[in-house]
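# Working through the structure, step by step
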Amino acid sequence: MTPPPLVLDDVLLTYPDGDRRLTALDRVSLAVPAGEFTAVAGPSGSGKSSLLAVAATLLRPDTGRVVIAGRETAGLSPRALTSLRREAVGIVFQQSNLLPSLTAVEQLLAVEHLRGGSPRAARARAGELLERVGLDAAKWRRRPHQLSGGERQRVNIARALFPGPAVLLADEPTSALDHECGERVVDLLASVTREHRTATVLVTHDRALLARADRVLLMRDGVLSAG
Ligand code: ADP
Ligand code: MG
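Quick caveat, the model's predicted, so the values are computed rather than measured. (Residues numbered from 1 in each chain as written. Chains lettered and ligands numbered in written order. Predicted model: local features only at pLDDT ≥ 70, side-chain atom pairs only at ≥ 80, totals over all residues. Heavy atoms only, no water.)

To continue, consider the pattern of salt bridges. All told, the structure shown has ten salt bridges when counted by the stated rule. The salt bridge involving Lys139 is made with Glu151; its shortest N-O contact spans 2.6 Å. Taken as a pair, Lys139 in the loop between helix 4 (119–132) and helix 5 (149–161) and Glu151 in helix 5 lie far apart in primary sequence, twelve residues in all. For Asp187, the salt bridge is made with Arg212, and the minimal N-O distance between the two is 2.6 Å. Here Arg212 lies in the loop between strand 8 (199–204) and strand 9 (215–220) and Asp187 lies in helix 6 (residues 179–196), a separation of 25 residues in the sequence. Assessed through its relative accessible area of 42%, Arg212 is described here as partly exposed. The structure contains a network of salt bridges with shared partners spanning Asp9, Arg65 and Glu72. (Salt bridge = Lys/Arg side-chain N within 4 Å of Asp/Glu carboxyl O. Helix = DSSP H or I, 4+ residues; strand = E, 2+ residues; numbered from the N terminus. Buried < 20%, exposed > 50% of the residue type's maximum accessible area, 1.4 Å probe, protein only.)

What follows is about the nonpolar core. Grouped burial of nonpolar side chains is what soluble globular proteins tend to show. Counting 37 residues, the largest nonpolar core has Leu108, Leu130, Val155 and Ile157 as its most contacted members. Breaking this core down by element, the ones donating at least two residues are strand 3 (37–41), helix 3 (104–115), helix 4, helix 5, strand 7 (167–171) and helix 6. Here this core gets seven residues from one element, more than from any other, and that element is helix 6. Apart from residues no more than four positions distant in its own chain, Leu108 is found in contact with Ala126, Leu129, Leu130, Val155, Ala158, Arg159 and Phe162. Of all hydrophobic cores here, the second largest spans 30 residues; its members include Ala56, Leu84, Val167 and Leu169. (Core = buried A, V, L, I, M, F, W, Y, C linked by side-chain atoms within 4.5 Å. Contact = heavy atoms within 4.5 Å.)

Written as structure tokens, this is what we have:
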């Protein structure tokens, strides 16, 4: 059996807090298999973004293991970690962090440009993904300010999927959207999880969005527990 694409084992994460340390993740363990959509709910300040930052290898835990796509991350150099993150982890943030000067299709191609693949194949893949996330072809050449909030998040999801990541992480991706639009974005995350077999984690403080998840976990004061 292949290991789950995302494994956190007994992760402790603290931040400096005056002359003490604040415990943001208190011995958190989590394994997400390929094709599973896990949601983590919890109030503001409970540690949800910290959890995703550690899962994305953007933050190193104080102690504990993080294994991405079968690779132990602890011993990796910053450069090796960056390349693992690029190929194996798709990240969708709260505010769509698209580049203001690029069109929708260029947002995806910018990543490929960094990786040096074939432009023709990259264009074809970008088109397929934008179509899959439901962005009308007429809007592929629009820049972020010419798209709605929901459309921007769709582009964000397409961009996150572009490298074919094993892990897909979404941090409150619906918080800037109205409820119905937010639900459709979560539906999309659920269906791309099945199709692309990603190990997906959505964190949200909005409990109304949890119905689409295969599994719901709760975060409270840095402690992760079954929902
Ligand atoms: P959530 O995403 O659930 O709102 P966070 O993971 O952002 O929670 O924060 C968890 C706790 O860690 C909070 O008490 C927050 O104030 C604290 N925290 C988050 N980031 C930092 C940081 N860079 N430095 C110090 N404390 C932080
Ligand atoms: Mg947060």
